[in-house]
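# Notes for the structure review
What follows is each chain in one-letter form.
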Amino acid sequence: MNDPLAPTWPGLPTDILRRSSRTSRAVRRCTAALLGSSLMVLAGCGSGSGTGPAAASRSGTTAATSSETMTGTGRTAGSNPAAAGGEVVLITHDSFGVDKKTLADFEAQSGIKVKLLAQGDAGAMVNILVLTKQNPLGDAVFGVDNTFASRALDAGILQPYRSPLAAQGSVRYSVNRDNRLSAVDFGDVCVNVDHGYFAAKKIAEPRTFEDLALPAYKNLLEVESPATSSPGLAFLLGTIAHFGESGWQHYWTALRGNGVKVAASWEDAYTVDFSGSTGKGSRPLVVSYASSPPSEVPKGAAAAPTGALLDTCFRQVEYAGVLTGAKNPAAAHKVVDFLLSKAFQAGVAGQMYVYPVDPAVALPADWQKFAPIAPKPATLPAEQIAGHREAWITAWTDLLQG
(Lines give C-alpha, C1' and ligand atoms only; values in the text may rest on other atoms or scores of the structure.)
Protein backbone atom coordinates (compact mmCIF):
# COMPACT_ATOMS: atom_id res chain seq x y z
CA MET A 1 0.00 0.00 0.00
CA ASN A 2 1.10 3.59 -0.55
CA ASP A 3 2.24 5.74 2.36
CA PRO A 4 -0.83 5.78 4.65
CA LEU A 5 0.08 9.23 5.91
CA ALA A 6 0.05 10.93 2.52
CA PRO A 7 -1.38 14.46 3.10
CA THR A 8 -4.75 14.00 1.41
CA TRP A 9 -7.17 14.92 4.20
CA PRO A 10 -9.55 17.70 3.19
CA GLY A 11 -9.76 20.46 5.79
CA LEU A 12 -7.09 19.05 8.10
CA PRO A 13 -4.32 21.45 9.22
CA THR A 14 -0.83 20.85 7.84
CA ASP A 15 0.59 20.47 11.35
CA ILE A 16 -1.62 17.40 11.82
CA LEU A 17 -0.65 16.06 8.40
CA ARG A 18 3.01 16.27 9.35
CA ARG A 19 2.59 14.08 12.42
CA SER A 20 4.54 10.86 11.89
CA SER A 21 3.01 7.41 12.13
CA ARG A 22 4.46 5.60 15.14
CA THR A 23 4.76 1.83 15.29
CA SER A 24 2.48 0.12 17.79
CA ARG A 25 0.60 -2.65 17.37
CA ALA A 26 -11.89 -5.25 26.14
CA VAL A 27 -14.29 -6.34 26.19
CA ARG A 28 -15.20 -4.39 29.00
CA ARG A 29 -18.49 -2.84 29.33
CA CYS A 30 -20.01 0.16 27.69
CA THR A 31 -21.05 2.62 30.38
CA ALA A 32 -23.42 5.11 28.85
CA ALA A 33 -22.29 8.58 29.84
CA LEU A 34 -25.51 10.43 30.44
CA LEU A 35 -24.16 13.87 31.08
CA GLY A 36 -27.11 16.02 32.11
CA SER A 37 -28.38 16.20 35.64
CA SER A 38 -32.08 16.61 34.85
CA LEU A 39 -34.67 14.10 35.90
CA MET A 40 -35.56 13.64 32.25
CA VAL A 41 -32.06 12.39 31.52
CA LEU A 42 -32.15 10.09 34.50
CA ALA A 43 -35.53 8.72 33.53
CA GLY A 44 -34.09 7.75 30.18
CA CYS A 45 -31.28 5.72 31.68
CA GLY A 46 -32.44 2.17 32.15
CA SER A 47 -30.60 -0.63 33.83
CA GLY A 48 -29.49 -3.28 31.37
CA SER A 49 -27.98 -6.68 31.76
CA GLY A 50 -25.50 -6.17 28.94
CA THR A 51 -24.55 -8.50 26.12
CA GLY A 52 -21.48 -10.05 24.63
CA PRO A 53 -18.30 -11.39 26.17
CA ALA A 54 -18.06 -8.80 28.92
CA ALA A 55 -21.53 -9.62 30.20
CA ALA A 56 -20.75 -13.33 30.06
CA SER A 57 -17.63 -12.77 32.15
CA ARG A 58 -19.71 -11.36 34.99
CA SER A 59 -21.46 -14.61 35.84
CA GLY A 60 -19.70 -14.80 39.20
CA THR A 61 -17.94 -18.07 38.41
CA THR A 62 -14.39 -16.80 38.06
CA ALA A 63 -12.39 -17.70 41.15
CA ALA A 64 -10.02 -15.15 42.64
CA THR A 65 -6.39 -16.15 42.42
CA SER A 66 -5.42 -14.93 45.85
CA SER A 67 -7.03 -13.96 49.13
CA GLU A 68 -6.27 -11.52 51.88
CA THR A 69 -7.57 -11.07 55.40
CA MET A 70 -8.65 -7.48 55.86
CA THR A 71 -6.95 -5.69 58.73
CA GLY A 72 -7.15 -2.06 59.79
CA THR A 73 -9.50 0.55 58.41
CA GLY A 74 -7.84 3.96 58.69
CA ARG A 75 -10.56 6.43 59.74
CA THR A 76 -11.96 9.85 59.35
CA ALA A 77 -12.67 11.98 62.41
CA GLY A 78 -15.60 10.70 64.40
CA SER A 79 -15.69 7.16 63.00
CA ASN A 80 -15.77 4.29 65.45
CA PRO A 81 -13.83 1.16 64.41
CA ALA A 82 -15.81 -0.95 66.84
CA ALA A 83 -18.95 -0.03 64.93
CA ALA A 84 -17.72 -1.65 61.72
CA GLY A 85 -20.11 -4.43 60.85
CA GLY A 86 -23.73 -4.68 59.90
CA GLU A 87 -24.86 -3.82 56.37
CA VAL A 88 -23.17 -1.63 53.77
CA VAL A 89 -25.06 -0.59 50.66
CA LEU A 90 -22.55 -0.30 47.82
CA ILE A 91 -23.83 1.77 44.91
CA THR A 92 -22.42 0.59 41.57
CA HIS A 93 -22.92 0.97 37.86
CA ASP A 94 -24.61 -1.90 36.04
CA SER A 95 -21.35 -3.50 34.93
CA PHE A 96 -19.86 -4.09 38.38
CA GLY A 97 -18.74 -7.67 38.89
CA VAL A 98 -17.21 -9.57 41.79
CA ASP A 99 -16.50 -13.24 42.32
CA LYS A 100 -19.17 -14.62 44.64
CA LYS A 101 -16.75 -16.57 46.81
CA THR A 102 -14.39 -13.61 47.15
CA LEU A 103 -17.25 -11.43 48.36
CA ALA A 104 -18.56 -14.13 50.69
CA ASP A 105 -15.11 -14.57 52.22
CA PHE A 106 -14.88 -10.83 52.89
CA GLU A 107 -18.32 -10.80 54.49
CA ALA A 108 -17.41 -13.75 56.71
CA GLN A 109 -14.09 -12.20 57.78
CA SER A 110 -15.43 -8.69 58.40
CA GLY A 111 -18.93 -9.35 59.72
CA ILE A 112 -20.23 -6.93 57.08
CA LYS A 113 -23.11 -7.74 54.76
CA VAL A 114 -22.60 -6.01 51.41
CA LYS A 115 -25.74 -5.08 49.52
CA LEU A 116 -25.07 -4.19 45.88
CA LEU A 117 -27.34 -1.53 44.39
CA ALA A 118 -26.81 -0.88 40.66
CA GLN A 119 -27.91 2.54 39.43
CA GLY A 120 -27.65 2.40 35.66
CA ASP A 121 -24.53 3.42 33.80
CA ALA A 122 -21.60 5.44 35.11
CA GLY A 123 -22.85 8.91 34.21
CA ALA A 124 -26.38 8.20 35.36
CA MET A 125 -25.10 6.76 38.63
CA VAL A 126 -23.21 9.95 39.44
CA ASN A 127 -26.23 12.09 38.53
CA ILE A 128 -28.48 10.02 40.80
CA LEU A 129 -26.03 10.33 43.70
CA VAL A 130 -25.92 14.10 43.24
CA LEU A 131 -29.71 14.37 43.18
CA THR A 132 -30.07 12.15 46.28
CA LYS A 133 -27.23 13.78 48.22
CA GLN A 134 -29.49 14.85 51.10
CA ASN A 135 -30.85 11.33 51.51
CA PRO A 136 -28.12 9.03 50.12
CA LEU A 137 -29.11 5.68 48.69
CA GLY A 138 -26.17 3.89 50.24
CA ASP A 139 -22.90 4.03 52.15
CA ALA A 140 -20.24 3.66 49.46
CA VAL A 141 -19.93 3.90 45.70
CA PHE A 142 -17.89 2.13 43.05
CA GLY A 143 -17.54 3.15 39.40
CA VAL A 144 -17.05 6.92 39.36
CA ASP A 145 -14.55 7.32 36.52
CA ASN A 146 -12.11 10.11 35.73
CA THR A 147 -14.48 11.69 33.22
CA PHE A 148 -17.05 12.25 36.00
CA ALA A 149 -14.82 12.48 39.08
CA SER A 150 -14.93 16.27 39.17
CA ARG A 151 -18.72 16.27 39.13
CA ALA A 152 -18.86 13.94 42.10
CA LEU A 153 -16.21 15.88 44.00
CA ASP A 154 -17.71 19.31 43.28
CA ALA A 155 -21.15 18.13 44.40
CA GLY A 156 -19.82 17.09 47.81
CA ILE A 157 -21.31 13.60 47.69
CA LEU A 158 -18.14 11.95 49.05
CA GLN A 159 -16.37 12.13 52.40
CA PRO A 160 -12.61 11.80 53.00
CA TYR A 161 -11.14 8.36 53.58
CA ARG A 162 -7.65 7.04 52.87
CA SER A 163 -7.39 3.27 52.85
CA PRO A 164 -4.30 1.67 54.41
CA LEU A 165 -4.07 -0.25 51.11
CA ALA A 166 -3.96 2.90 48.96
CA ALA A 167 -0.19 2.74 48.63
CA GLN A 168 -0.52 -0.54 46.71
CA GLY A 169 -1.12 1.25 43.41
CA SER A 170 -4.25 3.32 44.04
CA VAL A 171 -2.43 6.55 44.88
CA ARG A 172 -0.85 6.65 41.42
CA TYR A 173 -4.23 7.64 40.01
CA SER A 174 -5.31 10.09 42.71
CA VAL A 175 -7.51 12.97 41.53
CA ASN A 176 -8.10 14.69 44.88
CA ARG A 177 -5.90 15.75 47.79
CA ASP A 178 -8.41 14.94 50.51
CA ASN A 179 -8.77 11.25 49.61
CA ARG A 180 -12.44 11.27 48.73
CA LEU A 181 -11.90 8.93 45.77
CA SER A 182 -9.72 5.81 45.73
CA ALA A 183 -8.68 4.37 42.35
CA VAL A 184 -9.69 0.71 41.99
CA ASP A 185 -9.08 -0.19 38.33
CA PHE A 186 -8.25 1.30 34.96
CA GLY A 187 -8.82 0.56 31.29
CA ASP A 188 -7.57 1.93 28.00
CA VAL A 189 -10.19 2.95 25.46
CA CYS A 190 -8.69 2.33 22.02
CA VAL A 191 -9.68 1.59 18.45
CA ASN A 192 -9.91 -2.18 17.91
CA VAL A 193 -9.02 -3.73 14.56
CA ASP A 194 -10.22 -6.88 12.80
CA HIS A 195 -6.93 -8.41 11.58
CA GLY A 196 -8.68 -10.80 9.21
CA TYR A 197 -10.40 -8.04 7.28
CA PHE A 198 -7.21 -6.18 6.48
CA ALA A 199 -5.29 -9.37 5.69
CA ALA A 200 -8.00 -10.46 3.24
CA LYS A 201 -8.08 -7.02 1.57
CA LYS A 202 -4.28 -6.77 1.58
CA ILE A 203 -4.52 -3.35 3.21
CA ALA A 204 -2.07 -2.26 5.89
CA GLU A 205 -3.76 -1.73 9.24
CA PRO A 206 -3.97 1.81 10.60
CA ARG A 207 -1.87 2.61 13.65
CA THR A 208 -2.56 6.16 14.78
CA PHE A 209 -5.33 8.71 15.16
CA GLU A 210 -4.10 10.33 11.94
CA ASP A 211 -4.31 7.11 9.96
CA LEU A 212 -8.01 6.72 10.70
CA ALA A 213 -8.93 9.74 8.58
CA LEU A 214 -7.04 8.57 5.49
CA PRO A 215 -8.85 7.52 2.27
CA ALA A 216 -7.58 3.92 2.65
CA TYR A 217 -9.88 3.57 5.70
CA LYS A 218 -12.96 5.30 4.34
CA ASN A 219 -16.24 3.89 5.75
CA LEU A 220 -14.36 1.44 8.01
CA LEU A 221 -14.44 3.16 11.44
CA GLU A 222 -17.28 3.16 13.96
CA VAL A 223 -17.27 5.22 17.15
CA GLU A 224 -19.77 5.76 19.95
CA SER A 225 -21.42 9.08 20.68
CA PRO A 226 -19.74 10.87 23.61
CA ALA A 227 -23.18 12.14 24.61
CA THR A 228 -24.46 8.62 25.33
CA SER A 229 -21.43 6.37 25.77
CA SER A 230 -18.51 6.35 28.19
CA PRO A 231 -16.01 4.86 25.70
CA GLY A 232 -17.33 7.34 23.16
CA LEU A 233 -16.58 10.19 25.53
CA ALA A 234 -13.16 8.71 26.34
CA PHE A 235 -12.27 8.49 22.65
CA LEU A 236 -13.33 12.10 22.12
CA LEU A 237 -11.15 13.15 25.05
CA GLY A 238 -8.29 11.17 23.56
CA THR A 239 -8.52 13.13 20.32
CA ILE A 240 -8.65 16.40 22.23
CA ALA A 241 -5.57 15.43 24.23
CA HIS A 242 -3.76 14.38 21.06
CA PHE A 243 -4.67 17.23 18.68
CA GLY A 244 -5.27 20.01 21.20
CA GLU A 245 -8.02 22.61 21.40
CA SER A 246 -7.03 24.07 18.04
CA GLY A 247 -6.97 20.79 16.14
CA TRP A 248 -9.51 18.28 17.40
CA GLN A 249 -12.51 19.71 15.53
CA HIS A 250 -10.53 19.69 12.27
CA TYR A 251 -9.72 16.06 12.93
CA TRP A 252 -13.35 15.09 13.51
CA THR A 253 -14.36 17.00 10.38
CA ALA A 254 -11.87 14.79 8.52
CA LEU A 255 -13.31 11.65 10.12
CA ARG A 256 -16.81 12.73 9.11
CA GLY A 257 -15.63 13.20 5.55
CA ASN A 258 -14.05 9.75 5.69
CA GLY A 259 -17.33 8.04 6.51
CA VAL A 260 -17.07 7.48 10.26
CA LYS A 261 -20.22 5.87 11.65
CA VAL A 262 -21.57 6.91 15.06
CA ALA A 263 -23.41 4.46 17.32
CA ALA A 264 -25.35 5.35 20.45
CA SER A 265 -23.79 2.60 22.55
CA TRP A 266 -20.81 0.28 22.80
CA GLU A 267 -23.12 -2.72 22.46
CA ASP A 268 -24.35 -1.52 19.06
CA ALA A 269 -20.88 -0.61 17.82
CA TYR A 270 -18.93 -3.62 19.07
CA THR A 271 -21.32 -6.55 19.22
CA VAL A 272 -23.39 -5.67 16.13
CA ASP A 273 -21.38 -3.60 13.64
CA PHE A 274 -17.77 -4.65 14.33
CA SER A 275 -16.66 -7.33 11.86
CA GLY A 276 -14.27 -8.86 14.40
CA SER A 277 -16.91 -9.66 17.05
CA THR A 278 -19.74 -12.15 17.28
CA GLY A 279 -21.97 -9.76 15.36
CA LYS A 280 -19.81 -10.10 12.23
CA GLY A 281 -20.77 -6.61 11.07
CA SER A 282 -19.28 -4.61 8.23
CA ARG A 283 -16.95 -2.25 10.13
CA PRO A 284 -13.42 -3.58 10.85
CA LEU A 285 -12.43 -0.63 13.09
CA VAL A 286 -14.34 0.20 16.28
CA VAL A 287 -13.79 2.11 19.51
CA SER A 288 -13.59 -0.39 22.37
CA TYR A 289 -10.93 -1.32 24.93
CA ALA A 290 -7.35 -2.59 24.90
CA SER A 291 -8.70 -5.50 26.95
CA SER A 292 -11.29 -6.53 24.34
CA PRO A 293 -9.10 -8.82 22.14
CA PRO A 294 -8.74 -11.71 24.66
CA SER A 295 -12.51 -12.23 24.57
CA GLU A 296 -12.33 -12.92 20.82
CA VAL A 297 -9.60 -15.57 20.98
CA PRO A 298 -10.93 -19.09 20.25
CA LYS A 299 -9.98 -21.68 22.82
CA GLY A 300 -6.49 -22.97 22.19
CA ALA A 301 -5.68 -20.37 19.52
CA ALA A 302 -2.19 -18.94 19.43
CA ALA A 303 -3.19 -15.59 17.92
CA ALA A 304 -5.98 -13.10 18.54
CA PRO A 305 -8.25 -12.27 15.58
CA THR A 306 -8.51 -8.68 16.81
CA GLY A 307 -6.13 -6.18 18.35
CA ALA A 308 -6.03 -2.71 19.89
CA LEU A 309 -4.31 0.25 18.26
CA LEU A 310 -2.28 1.35 21.28
CA ASP A 311 -1.51 4.77 19.81
CA THR A 312 -5.24 5.64 19.90
CA CYS A 313 -5.88 5.00 23.59
CA PHE A 314 -7.33 7.18 26.33
CA ARG A 315 -6.99 5.95 29.90
CA GLN A 316 -10.10 5.60 32.04
CA VAL A 317 -9.77 5.11 35.80
CA GLU A 318 -12.58 3.94 38.08
CA TYR A 319 -12.82 5.04 41.70
CA ALA A 320 -14.59 4.10 44.90
CA GLY A 321 -15.49 6.27 47.87
CA VAL A 322 -17.60 6.66 51.00
CA LEU A 323 -20.77 8.69 50.57
CA THR A 324 -21.47 11.80 52.57
CA GLY A 325 -24.24 10.94 55.02
CA ALA A 326 -23.47 7.22 54.96
CA LYS A 327 -25.36 5.38 57.70
CA ASN A 328 -22.48 2.97 58.31
CA PRO A 329 -19.26 4.85 57.43
CA ALA A 330 -16.89 2.68 59.46
CA ALA A 331 -18.02 -0.45 57.63
CA ALA A 332 -18.00 1.46 54.34
CA HIS A 333 -14.30 2.13 54.95
CA LYS A 334 -13.71 -1.61 55.11
CA VAL A 335 -15.59 -2.11 51.86
CA VAL A 336 -13.27 0.39 50.15
CA ASP A 337 -10.36 -1.56 51.67
CA PHE A 338 -11.86 -4.73 50.19
CA LEU A 339 -11.97 -3.18 46.70
CA LEU A 340 -8.24 -2.44 47.01
CA SER A 341 -7.36 -5.83 48.49
CA LYS A 342 -5.43 -8.40 46.49
CA ALA A 343 -8.42 -10.75 46.66
CA PHE A 344 -10.65 -8.29 44.80
CA GLN A 345 -7.89 -6.87 42.59
CA ALA A 346 -7.03 -10.37 41.34
CA GLY A 347 -10.53 -10.73 39.94
CA VAL A 348 -11.17 -7.43 38.19
CA ALA A 349 -9.75 -8.57 34.85
CA GLY A 350 -11.94 -11.66 34.70
CA GLN A 351 -15.02 -10.03 36.20
CA MET A 352 -15.04 -6.57 34.58
CA TYR A 353 -12.41 -6.63 31.81
CA VAL A 354 -10.32 -3.89 33.41
CA TYR A 355 -6.80 -3.76 34.80
CA PRO A 356 -6.15 -3.79 38.57
CA VAL A 357 -4.45 -0.72 40.03
CA ASP A 358 -2.24 -2.97 42.15
CA PRO A 359 0.76 -3.73 39.89
CA ALA A 360 1.69 -6.73 42.05
CA VAL A 361 -1.47 -8.55 40.96
CA ALA A 362 -0.80 -10.85 38.02
CA LEU A 363 -2.99 -10.56 34.94
CA PRO A 364 -4.56 -13.65 33.36
CA ALA A 365 -2.27 -15.41 30.89
CA ASP A 366 -4.37 -14.45 27.87
CA TRP A 367 -4.25 -10.79 28.93
CA GLN A 368 -0.47 -10.89 29.15
CA LYS A 369 -0.41 -12.12 25.57
CA PHE A 370 -3.36 -10.39 23.92
CA ALA A 371 -4.18 -7.30 26.04
CA PRO A 372 -1.04 -5.21 26.54
CA ILE A 373 -1.41 -1.96 28.43
CA ALA A 374 -0.94 1.15 26.30
CA PRO A 375 2.55 2.50 27.08
CA LYS A 376 1.62 6.15 26.47
CA PRO A 377 -2.16 6.59 26.61
CA ALA A 378 -3.69 10.01 26.10
CA THR A 379 -4.81 11.70 29.31
CA LEU A 380 -6.38 14.97 30.40
CA PRO A 381 -6.44 16.55 33.87
CA ALA A 382 -9.75 16.02 35.67
CA GLU A 383 -10.20 19.76 36.16
CA GLN A 384 -9.80 20.35 32.41
CA ILE A 385 -12.42 17.71 31.66
CA ALA A 386 -14.73 19.29 34.24
CA GLY A 387 -14.35 22.76 32.79
CA HIS A 388 -14.91 21.81 29.15
CA ARG A 389 -16.77 18.49 28.99
CA GLU A 390 -20.20 19.90 28.18
CA ALA A 391 -18.84 22.39 25.63
CA TRP A 392 -16.77 19.69 23.94
CA ILE A 393 -19.73 17.34 23.66
CA THR A 394 -21.92 20.12 22.28
CA ALA A 395 -19.28 21.05 19.71
CA TRP A 396 -18.82 17.40 18.72
CA THR A 397 -22.60 16.94 18.35
CA ASP A 398 -22.82 20.01 16.13
CA LEU A 399 -19.99 18.66 13.96
CA LEU A 400 -21.08 15.06 13.63
CA GLN A 401 -24.82 15.06 14.18
CA GLY A 402 -25.91 18.67 13.71
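Everything discussed here concerns the structure shown above.
Residues numbered from 1 in each chain as written. Predicted model: local features only at pLDDT ≥ 70, side-chain atom pairs only at ≥ 80, totals over all residues. Heavy atoms only, no water.

### Here we look at the overall build of the protein chain
For the record, the criterion: In this description a helix means any DSSP run of H or I spanning at least four residues, a strand means any run of E spanning at least two, and both kinds are numbered starting from the N terminus. Burial classification: accessible surface area is computed with a 1.4 Å probe over protein chains only, and a residue below 20% of its type maximum counts as buried, one above 50% as exposed, and the rest as partly exposed. Here, Shrake-Rupley sampling with a 1.4 Å probe gives the accessible areas, and only protein chains in the shown set may cover a residue.
Across its full length, the protein chain carries 15 helices and 11 strands. Burial analysis of the protein chain (402 residues in total) assigns 58% to the buried set. For the protein chain, the computed accessible surface area is about 15,800 Å², with 53% contributed by carbon and sulfur atoms.

### As for the environment of leucine 399
Inclusion rule: By definition, residues are in contact when any of their heavy atoms lie within 4.5 Å.
As for its placement among the helices and strands, leucine 399 is situated in helix 15 (residues 382–401). With 147 residues separating them along the chain, leucine 399 and tryptophan 252 place their C-alpha atoms 7.5 Å apart. When residues no more than four places from it in sequence are discounted, the contact partners of leucine 399 are Trp248, Gln249, Trp252, Thr253 and Arg256.

### Section: unusual backbone geometry
A positive phi angle, near 65 degrees, is found at asparagine 219, a position not held by glycine. Assignment of secondary structure puts asparagine 219 in the loop between helix 7 (195–201) and strand 6 (221–224). Given a relative accessible area of 41%, asparagine 219 falls into the partly exposed group. Residue tyrosine 353 is not a glycine yet carries a positive backbone phi of 55 degrees. Position of tyrosine 353 among the secondary structure elements: in the loop between helix 13 (348–352) and strand 11 (355–356).

### Section: the state of the cysteines
Quick note on the threshold: Two cysteine sulfur atoms form a disulfide, by the criterion used here, when they sit within 2.5 Å.
The tally for this structure, following the rule as stated, stands at 1 disulfide. Between the sulfur atoms of cysteine 190 and its disulfide partner cysteine 313 the distance amounts to 1.9 Å. Across the S-S bond of cysteine 190 and cysteine 313 the torsion is about 105 degrees, and the bridge reads as right-handed. Pair noted here: cysteine 190 is in strand 5 (residues 182–194) and cysteine 313 is in the loop between strand 9 (306–308) and strand 10 (314–323), with a separation of 123 residues, a long-range link.

### Observations concerning the packing of aromatic side chains
To keep it simple, the criterion reads: Put simply, two rings from Phe, Tyr or Trp (the six-membered ring, in Trp's case) pair if the centres are within 6.5 Å, and we call them stacked under 30 degrees between planes, edge-to-face over 60, tilted for the rest.
By the definition in use, this model includes 19 aromatic pairs. Ring centres of tyrosine 270 and phenylalanine 274 lie 5.2 Å apart, and the angle between their planes is 40 degrees; on these two criteria the pair is classed as tilted. When its relative accessible area of 0% is taken as the criterion, tyrosine 270 is described as buried. Geometrically, the ring pair formed by tyrosine 353 and tryptophan 367 is tilted, given 5.7 Å between the ring centres and 50 degrees between the ring planes. Taken together, the residues tyrosine 353 in the loop between helix 13 and strand 11 and tryptophan 367 in helix 14 (residues 365–370) connect sequence positions 14 residues apart. Across the pair, tryptophan 367 and tyrosine 353 agree in class, each one buried. A network of ring pairs unites the aromatic residues Phe209, Phe235, Phe243, Tyr251, Trp252 and Trp396 as a single cluster.

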